[in-house]
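Spelled out, the chains give:
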Amino acid sequence: MKQVRELYESGCAANGLSGDPLSSVTDFNVEEFRVRVYDPRNTGGPTPAVLFFHGGGWVMGSLSTHDGLCRRLASLTNLPVIAVDYRLAPEYPYPGAIDDSRSAMRWLFDAGNEHGLDVTEAVLVGDSAGGQLAAVLANENATATDPLPVVGQVLMYPMVDLTMSSPSYERITDGFPLVADTIAWFADHYLPEGLDRSAPGISPSMAQLPAGLPPTYVITVDNDPLVDEGANYAAALARAGTEVQYQHLPGYAHGLFTSAGRIPRGEQIVNQVAAFIRDRTI
């Protein structure tokens with residue numbers, strides 16, 4: 001596991017976006033995990049924010065692997081971006097990642113916390129496994145008695161069906177950075193044996209989607225076992241009455257956004273994600 005994580009770290013460092021300079025970048029401890037607050041502003045005051053959940057199959061990834069992406073989103077939106085360094089499996093299996101992510105969202109909206117932010121509303125953003133965490137939280141929040149002001153979500157090639165039953169799992173079996181067997185390996189390390197993988201807190205695409213979900217931007221890439229479930233989830237959101245922007249990128253593979261420093265199309269889509277966030281937080 002150590003080697004897998006180190007390879008992911010080195011790959012993201014070599015291929016990710018460069019680290020845009022910002023007014024402040026500060027790490028905080030929250031319960032048993034960390035968050036990093038990227039604040040591009042020179043002044044304080046009430047503000048929307050972006051809550052970011054990194055990918056890595058719930059077993060790898062860190063504040064470092066997505067640092068360039070979070071910096072770029074903060075720079076382009078001029079909003080604080082809060083990255084969640086949730087605890088990883090197999091040391092902390094399900095529901096560790098979602099519990100930490102849920103705690104981070106509450107922590108963000110508590111103006112009395114040490115972050116010093118006065119957050120008026122938030123957009124949830126996640127890639128891959130982070131997209132699953134964002135989707136689960138958005139669904140939970142929409143049905144909460146006293147929901148937090150979540151005004152959007154961005155799901156970058158999200159992992160939203162852990163039953164792994166869509167046809168693209170049969171199509172993408174070798175030759176790409178992420179294939180069907182890799183996802184099965186991630187899921188087996190994250191999910192304790194015997195869990196119902198179709199449960200809505202594990203597979204958002206299996207949920208009865210509630211009314212009142214925020215506008216959602218779903219991005220899929222062609223050469224990815226997750227492409228079908230991402231497309232299906234976008235369609236399910238639309239059927240539930242959610243405002244959906246869906247974009248499919250033919251010819252690209254999973255990992256586009258952590259390789260956006262080397263792949264211009266990835267950087268272009270990051271710009272579009274920032275525009276989506278700005279449009280929902282004006």
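Look up a bit, the structure's there.
Residues numbered from 1 in each chain as written. Predicted model: local features only at pLDDT ≥ 70, side-chain atom pairs only at ≥ 80, totals over all residues. Heavy atoms only, no water.

### Re helix H2 (residues 67–77)
Put simply, the test is: Accessibility here uses a 1.4 Å probe with only protein chains present; expressed as a share of the type maximum, an area under 20% marks a residue as buried, one over 50% as exposed, and anything in between as partly exposed. In this description a helix means any DSSP run of H or I spanning at least four residues, a strand means any run of E spanning at least two, and both kinds are numbered starting from the N terminus. Residue contacts are defined here by distance: any two heavy atoms, one from each residue, within 4.5 Å place the two residues in contact.
Counting buried positions along H2 yields nine of eleven residues, so the element is predominantly enclosed. Turning to H2, its buried residues number three or more, namely Asp67, Gly68, Leu69, Cys70, Arg71, Arg72, Leu73, Ala74 and Thr77. Those residues of H2 that are buried lie in contact with strand E1 (24–30), strand E2 (33–39), strand E3 (46–53), strand E4 (81–85) and helix H8 (264–281). Two residues or fewer after H2 comes Asn78, characterised by a positive phi angle close to 55°.

### Some points on the pairing of E4
If a strand is regular, its side chains alternate between the two faces of the sheet. What counts is decided by this rule: The criterion for strand pairing is that DSSP finds at least two bridges linking the strands in question. Every crossover in which the path from the first strand over the helix to the second runs clockwise, viewed with the strands pointing away from the viewer, is termed right-handed.
A large share of E4 lies buried, amounting to five of its five residues. Alternating positions in E4 separate into two faces, Val81, Ala83 and Asp85 on one and Ile82 and Val84 on the other, with burial throughout. Relative to E4, E2 is paired through five bridges, and the arrangement is antiparallel. Its bridge partner lying in E4, Val37 is registered against Ile82. As defined by bridge partners, E3 adjoins E4 across four bridges and the pair is classed as parallel. In the sheet register, Val50 faces E4, and the bridge partner there is Val81. The parallel pair E3 and E4 is bridged by H2, and the resulting crossover is right-handed.

### Let's talk about the environment of Asp127
Just so we agree on the cut-off: Here a polar contact is recorded for every N or O atom pair within 3.5 Å, except that within protein the pair must consist of a potential hydrogen donor and a potential acceptor, and residues adjacent in sequence are included only if both atoms are side-chain atoms.
Along the polypeptide, Asp127 turns up in strand E5 (residues 118–127). Residues Asp127 and Tyr252, spaced 125 residues apart in sequence, show a C-alpha to C-alpha distance of 15 Å. Apart from the residues lying within four places of it in its own chain, the contact partners of Asp127 are Phe52, Phe53, His54, Gly55, His66, Met156, Tyr157 and Thr258. Among the polar contacts listed, one links the side chain of Asp127 to the side chain of His66, at a separation of 3.0 Å.

### Details of H8
For the record, the criterion: Given the number of residues in a helix, its expected span is that number minus one, multiplied by 1.5 Å. The arc refers to the directions leading from the helix axis to the C-beta atoms.
The end-to-end C-alpha distance of H8 is 26 Å, a good match for the 26 Å that 18 residues give at a rise of 1.5 Å each. Along H8, the residues classified as buried are Gly266, Ile269, Val270, Val273, Ala274, Phe276, Ile277 and Thr281. Seen along its axis, H8 keeps its buried residues to an arc of 155°; they face one direction. Facing away from the buried side of H8 by more than 90 degrees, the exposed set consists of Pro264 and Asp279. On its buried face, H8 sits against E3, H2, E5, strand E6 (150–156), strand E7 (216–223) and strand E8 (244–253).

### Concerning the pairing of E8
Pairing of E7 with E8 involves seven bridges; the strand directions are parallel. From the neighbouring strand, Val218 faces E8, where its bridge partner is Tyr246.

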